[in-house]
Amino acid sequence: MADDKQGRDEQADDEKRRQRERMQEEARTRADEEQPMRVDPNEQLGDLDEALKSHDYPATTNELVEAYGDYELETQDGKKSLEDVLSSTDVQIFDSGEDVHRRILELIDQ
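Fair warning: this is a prediction, and the values are worked out from it, not measured in the lab.

Engineer: Could you give an account of helix α2 (residues 47–54), with specific residues and numbers?
Structural biologist: Within α2, burial applies to Leu48, Asp49, Ala51 and Leu52. The buried side chains of α2 occupy one side of the element, clustering within an arc of 165° when seen end-on. Facing away from the buried surface of α2 by more than 90 degrees, the exposed residues are Asp47, Glu50, Lys53 and Ser54. Where the residues of α2 are buried, they touch α3 (61–68), β2 (72–75), α4 (82–86) and α5 (97–108).

Engineer: Could you give an account of the pattern of salt bridges, with specific residues and numbers?
Structural biologist: Oppositely charged side chains can pair when the atoms bearing their charge come close. A complete count under the given rule lists seven salt bridges for this structure. Glu50 serves as the salt-bridge partner of Lys53, at 3.8 Å between the closest nitrogen and oxygen. Note that Lys53 and Glu50 are positioned in helix α2 at a spacing of three residues, about one turn of the helix. With respect to class, Lys53 is no different from Glu50; both count as exposed. Its salt-bridge partner being Glu106, residue Arg103 comes within 3.2 Å of it at the nearest N-O pair. Note that Arg103 and Glu106 are positioned in helix α5 at a spacing of three residues, about one turn of the helix. Through salt bridges with shared partners, a single ionic network connects Glu15, Arg18 and Arg22.

Engineer: Tell me about the environment of Gly78, residues and numbers included.
Structural biologist: Structurally, Gly78 is set in strand β3 (residues 78–81). In this structure Gly78 comes out as partly exposed when scored by relative accessible area, which is 23%. Separated by 30 residues in sequence, Gly78 and Ile108 place their C-alpha atoms 9.9 Å apart.

Engineer: Break down the confidence of the model for the protein chain for me, with residues and values.
Structural biologist: Mean pLDDT over the protein chain stands at 82; residues scoring 70 or higher make up 85%. This model gives residues 36–41 a pLDDT under 50, and the stretch forms 14 contacts once residues within four places in sequence are excluded.

Engineer: How would you summarise the nonpolar core if you had to cite specific residues and measurements?
Structural biologist: Counting residues in each nonpolar core, the largest one holds 18 residues, and the members touching the most others are Leu48, Leu52, Leu64, Tyr68, Leu73, Leu82 and Ile104. Listing elements by their share of this core, those giving two or more residues are α2, α3, α4 and α5. Ranked by residues supplied to this core, first place goes to α5 with five residues. Here Leu48 is in contact with Tyr68, Tyr71, Leu73, Leu82 and Ile104, once residues within four sequence places are set aside.

Engineer: Just give me the short version of the pairing of β2, but keep the residues and values in it.
Structural biologist: With burial as the criterion, only one face of β2 is covered, namely that bearing Leu73 and Thr75; the residues Glu72 and Glu74 on the opposite face remain uncovered. In the sheet, β2 pairs with β3 via four bridges, with the strands oriented antiparallel. Its bridge partner lying in β3, Glu72 is registered against Ser81. Hairpin remark: β2 followed by β3, antiparallel, with two residues in the connecting loop.

Engineer: How would you sum up the environment of Ile108? Please name residues and give values.
Structural biologist: Along the chain, Ile108 falls in helix α5. Ile108 gets classed as buried once you look at its relative accessible area, which sits at 5%. Linking Ile108 and Leu86, residues 22 residues apart in sequence, is a C-alpha distance of 9.4 Å.

Procedures and definitions
Residues numbered from 1 in each chain as written. Predicted model: local features only at pLDDT ≥ 70, side-chain atom pairs only at ≥ 80, totals over all residues. Heavy atoms only, no water. Buried < 20%, exposed > 50% of the residue type's maximum accessible area, 1.4 Å probe, protein only. Helix = DSSP H or I, 4+ residues; strand = E, 2+ residues; numbered from the N terminus. Arc of directions from axis to C-beta. Contact = heavy atoms within 4.5 Å. Salt bridge = Lys/Arg side-chain N within 4 Å of Asp/Glu carboxyl O. pLDDT = per-residue confidence, 0-100. Core = buried A, V, L, I, M, F, W, Y, C linked by side-chain atoms within 4.5 Å. Pairing = 2+ DSSP bridges.

Written out as structure tokens, the structure reads:
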């Protein structure tokens, strides 16, 4: 290509076209990927949220499993009981329903 204004313009246009093609290919590749779950502190856990809010605190993991272990939660791997979700963590003491809520969301996002 000649080293003149027209040649430089053509090179720039070619580079823009290649960049656009790379972006389109990347978008197609990403569309096939599974989207990770995101921890959103405002996300609701259904009836479990109300139950956790009304629970007396402080409370241990074991106490919460005993009281609410049968509640079903939607996870990346499908539905799991609260007992299954909390079994992957050490025994903790929670000071509020918000603490439990946040911890559950962290666990189901893994």
